[in-house]
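Per-entry structural report
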Amino acid sequence: MESAKQEEKKVSGAEKETASGQSQKEKEQAYRQHVEQTTPKYSMSVRMAKAFITGGIICVIGQCILNYATNAMGLDKETAGSWCSMLLVLLSVVFTGFGIYNKCVEWGGAGALVPITGFANSVASAAIEYQKEGQVYGIGCKIFTIAGPVILYGIFTSWVLGLLYWIGKMMGIL
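Here is what the cut-offs are and how they apply
- Residues numbered from 1 in each chain as written.
- Predicted model: local features only at pLDDT ≥ 70, side-chain atom pairs only at ≥ 80, totals over all residues.
- Heavy atoms only, no water.
- Helix = DSSP H or I, 4+ residues; strand = E, 2+ residues; numbered from the N terminus.
- Buried < 20%, exposed > 50% of the residue type's maximum accessible area, 1.4 Å probe, protein only.
- Contact = heavy atoms within 4.5 Å.
- Areas by Shrake-Rupley, 256 points an atom, 1.4 Å probe, with all protein chains shown as cover.
- Core = buried A, V, L, I, M, F, W, Y, C linked by side-chain atoms within 4.5 Å.
- Salt bridge = Lys/Arg side-chain N within 4 Å of Asp/Glu carboxyl O.
- Phe/Tyr/Trp six-rings, centres within 6.5 Å; stacked < 30°, edge-to-face > 60°.
- Lys NZ or Arg CZ within 6 Å of the ring centre and 35° of its normal.
- pLDDT = per-residue confidence, 0-100.
- Axes fitted to C-alpha atoms, helices over the stretch in contact; angles between N-to-C directions.
- Parallel < 35°, antiparallel > 145°, perpendicular 65-115°, else oblique.
- Nonpolar A, V, L, I, M, F, W, Y, C, P; charged D, E, K, R; others polar.

Focus on the overall build of the chain
Helix and strand counts for the chain stand at 9 helices and 0 strands. Listing every helix and strand of the chain by position from the N terminus yields α-α-α-α-α-α-α-α-α. By residue count, 18% of the 174 residues in the chain fall in the buried class. For the chain, long-range pairs separated by at least 24 residues make up 44% of all intrachain contacts whose partners lie at least 6 apart in sequence. Of the roughly 13400 Å² that the chain leaves accessible, carbon and sulfur atoms contribute 65%.

A few points about the nonpolar core
Counting residues in hydrophobic clusters, the biggest one holds 5 residues: V123, A127, I139, I143 and A147. Look past the residues within four positions of V123 in its chain and what remains in contact with it is I143, F144 and A147.

Points about the pattern of salt bridges
Evaluated as defined, the whole model comprises 1 salt bridge. Its salt-bridge partner being E28, residue R32 comes within 3.8 Å of it at the nearest N-O pair. Here the residue R32 and the residue E28 both occupy positions in helix α2 (residues 24–38), the gap between them amounting to 4 residues, near one helical turn. With relative accessibility at 38%, the residue E28 sits in the partly exposed group.

Thoughts on the side chain of S92
Locating S92 in the fold gives a position in helix α4 (residues 77–97). Look at S92 and you get buried, because its relative accessible area is 1%. If near-sequence neighbours (up to four positions away) are discounted, S92 is found in contact with Y101, T117, A120 and N121.

A look at the packing of aromatic side chains
Scanning the entire structure with this criterion turns up 1 aromatic pair. Both rings, one in F156 and one in W159, keep their centres 6.3 Å apart while their planes meet at 25 degrees; by these two values the pair is stacked. With a gap of 3 residues between them, F156 and W159 both fall in helix α9 (residues 147–171), about one helical turn apart. Between the NZ or CZ atom of R47 and the centre of the ring of Y42, over which it lies, the distance is 4.6 Å.

Things to note about the confidence of the model for the chain
Considering every residue of the chain, the mean pLDDT works out to 83; 88% of them sit at 70 or more. Segment residues 10–17 is flagged for pLDDT under 50; beyond a separation of four residues in sequence, or across chains, it makes 9 contacts in the model.

Structural notes on the packing of helix α7 (residues 116–129) against α9
Put simply, α7 and α9 touch, their axes get as near as 9 Å, and they point 130 degrees apart. One element, α7, and the other, α9, form an angle in the oblique class. Between α7 and α9, the residues in contact are F119, S122 and V123 and A147, V150 and I151, respectively. Residues belonging to the contact of α7 with α9 are distributed by class as follows: 5 nonpolar, 1 polar and no charged.

With respect to the side chain of T96
Residue position: T96 is located in helix α4. The exposure class assigned to T96 is buried, which follows from its relative accessible area of 5%. Not counting chain neighbours up to four residues away, the residues in contact with T96 comprise Y101, N121, A124, S125 and I128.

A word on the packing of helix α3 (residues 44–72) against helix α5 (residues 100–108)
Put simply, α3 and α5 touch, their axes get as near as 8 Å, and they point 140 degrees apart. Considered as vectors, α3 and α5 are oriented oblique to each other. Residues K50, A51, I53, T54 and I58 of α3 form the contact with α5, whose participating residues are Y101, C104, W107 and G108.

Right under this line is the structure:
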């Protein structure tokens, strides 16, 4: 019995045989090999080009809305900008509802998520995902799970910058 205990002490933890007969090192090596085979390989330059194209198309649509609102409708730049933002958000939410925007995100990556449309997509996606839980506990509670921190930090940052600007004005720096 004592020799069995001594034998067990001699074998280190990494070299102990498992029930399947593989050592821990062999299992780790097999896992690394599996991860390498299953992880998709992406070209950074292709991903950046797709993001640039996607974000560019969204911005061109926004510029077309701005141009139409100022030239054809005769709106001032500020009102045209408001209409542009509103229409881009509306299009984003409608496309999210039909599952089109998610395909754009899959193809264009960050290019589809950075503009205002990505923010609208995050709010609409959460609302669609949690609608099964009801109006209050589903949509009402979960709609800002992704967008909430963005709103919080945006408001906080603007408050801090406003305070710094006010202090700068009071001291005569600005």
